[in-house]
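If you want the building blocks of each chain, they are given just below.
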Amino acid sequence: MTDKRKVRKAVFPVAGLGTRFLPATKAVPKEMLTVVDRPVIQYVVDEALNAGIEHLIFVTGRSKHVIEDYFDIQVELEQTLRERNKTAELTLLESILPVAGSTSFTRQQSPLGLGHAVWCARELVGDEPFALLLPDMIMQSEKGCLKGMVELYEQSGGNVIAVEECAPDQTHKYGIVGAGEKVGDGFKITKMVEKPPQGTAPSNFFINGRYILQPEIFSILATQERGAGNEIQLTDGMLKLAQTQDFAGYHFRGNTYDCGMKEGFILANVAFALARGDIRPGVEGPLKALLQDLKQPIR
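Residues numbered from 1 in each chain as written. Predicted model: local features only at pLDDT ≥ 70, side-chain atom pairs only at ≥ 80, totals over all residues. Heavy atoms only, no water.

## What to know about the overall build of the protein chain
- Within the protein chain one finds 11 helices and 13 strands.
- The C-alpha atoms of the protein chain give 20 Å as radius of gyration, which agrees with the globular expectation for 299 residues (19 Å, within 12%).
- Seen through its C-alpha atoms, the protein chain measures out along the principal axes to roughly 60 × 55 × 35 Å.
- When burial is assessed residue by residue, the protein chain has 46% of its 299 residues classed as buried.
- Of the contacts made within the protein chain by residues no fewer than 6 positions apart, 76% connect residues no fewer than 24 positions apart.
- Taken as a whole, the protein chain presents about 15,900 Å² of accessible surface, with 52% of it coming from carbon and sulfur.
- Taken together, the 33 basic and 37 acidic charged side chains of the protein chain have centroids lying 4 Å from each other. (Helix = DSSP H or I, 4+ residues; strand = E, 2+ residues; numbered from the N terminus. Rg over C-alpha atoms; globule rule 2.2 N^0.38 Å. Buried < 20%, exposed > 50% of the residue type's maximum accessible area, 1.4 Å probe, protein only. Contact = heavy atoms within 4.5 Å. Areas by Shrake-Rupley, 256 points an atom, 1.4 Å probe, with all protein chains shown as cover. Lys, Arg positive; Asp, Glu negative; His and termini not counted. Charge placed at Lys NZ, Arg CZ, Asp CG, Glu CD.)

Below, the structure is given as C-alpha cells:
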C-alpha cells in the first residue's frame, strides 16, 4: 500500500463507562478526570493537534455531553473572567478552544467494542486515512507519539501502529506485533496477536493505543463477527486488512500512562506535576518524604 494521502482527521472513542473509577464516573466521564489541571482528553487532543490533525471526531455515548461542552465556549464563565480582569485565565481558555467547525460528535448507542466505535465514525471520516487515539492513554515524550507516526506514514504509506517494548514475561497482557524488515524510521509488522500465551509472543513490542488506518477498515468492520468479549474487536479487523495492505510499526520511546487504570492515573498526575515548573517546587519535597516513609516498616 503506497497511499500517502494526508492524515487530516482523528477519531477519539470516548463512549466507555469508566466503571473502574466509580463512583466518580457516575457523574463525570472518565475522559474528563483531571491530570493536574487538565482533563485526560485534553492531553490526547493536544497530541493530535501537534501532529497536524485538522478535524477531531469524538465517538460518544449517553451522559458524555460534558465532553462536547468542554470543547465549546462558556459564555457566563468568560464574561465573569473579563469582569474580574482575569486575562491569564481567558488566554488559557482560548488556547484550548478548537477552530470553529473542526470538531464532530457521533453516538455509539451500544457498547459493542472498539471496532464498533471506530465503525461509528465512518461517515465523518469518509474515504481517507485517519488517526485513532485511545483517550485513556496519555504520553510524555520530546516528540509526540502521533507526530512521529505521521512522519513514518509519510515515508511508508499504508497503516501505522505505535508500539512500545515491554518485559518479555509481560507480553501475555498486551496486543503484540511481529517485527520485520526496516521501513523508513519504523519496521514492517509481520504479525498481530492479542494477549498471546506466555512464551509464544512474536516479539516484546506491544500496541500502545495509537493508530493510523486506511478507510478500507470500515467495510471490514461493517460485516465483522463479534470476537473476544462478544465485541467487535479492532485487532480482528486489522488482521483482515493486513491481508491486502501493509502495516508499519512506529517504536515510541517515551512514557505512557494508562489513565483507564487507577495506578496509571495516579502515576500520570505525579509525572505531569513534576514536569511543570510552576508545580514541581511545591510537590517534589513532599513526594520524596512520602517515598522515604514507604521505606519504614509498617507497624
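Now that the structure has been shown, we can carry on.
## Some details on the pairing of strand β9 (residues 175–183)
- Relative to strand β10 (residues 186–194), β9 runs antiparallel, the two being bridged by seven bridges. Bridge pairing links K182 to F187 in β10.
- Linkage of β9 to β10, two consecutive antiparallel strands, is achieved through a turn of two residues, within which G184 is found at a positive phi near 55°.
- For β9 and strand β11 (residues 205–213), the ladder comprises two bridges, and the chain directions are antiparallel. Following the sheet pairing, I176 is matched in β11 by F206. (Pairing = 2+ DSSP bridges.)

## Structural notes on the packing of helix α10 (residues 262–274) against helix α11 (residues 280–294)
- Running from N to C, α10 and α11 cross one another at 125°; their axes reach a closest spacing of 9 Å. Taken as axis vectors, α10 and α11 run oblique relative to one another. Residues V270, A273 and L274 of α10 form the contact with α11, whose own contacting residues are R280, V283, E284 and L287.
- Across the contact of α10 with α11, the residue classes break down as five nonpolar, no polar and two charged. (Axes fitted to C-alpha atoms, helices over the stretch in contact; angles between N-to-C directions. Parallel < 35°, antiparallel > 145°, perpendicular 65-115°, else oblique. Nonpolar A, V, L, I, M, F, W, Y, C, P; charged D, E, K, R; others polar.)

## Some points on the layout of surface pockets
- Space inside the largest pocket adds up to approximately 1,800 Å³.
- Contributing elements (two or more residues each) for the lining of the largest pocket: α5 (114–119), β11, α9 (234–241), β13 (255–258) and α10.
- The element contributing the most residues to the lining of the largest pocket is β11, with five residues.
- Of the residues contributing to the lining of the largest pocket, the split by class is 21 nonpolar, 16 polar and 12 charged.
- Quantified by volume, the second largest pocket comes out at close to 430 Å³.
- Along the walls of the second largest pocket sit 18 residues, with Y70, L77, L92, L93 and I96 positioned nearest its centre.
- Secondary-structure elements contributing two or more residues to the lining of the second largest pocket are β3 (38–39), α2 (65–70), α3 (75–83) and α4 (87–96).
- Top element by residues in the lining of the second largest pocket is α4. It accounts for four residues. (1 Å grid on protein atoms, 1.4 Å probe; cavity = no way out; pocket = protein on both sides within 12 Å on 5 of 7 lines; lining within 4 Å. Points joined across faces, edges and corners; volume = space filled by probe spheres on them.)

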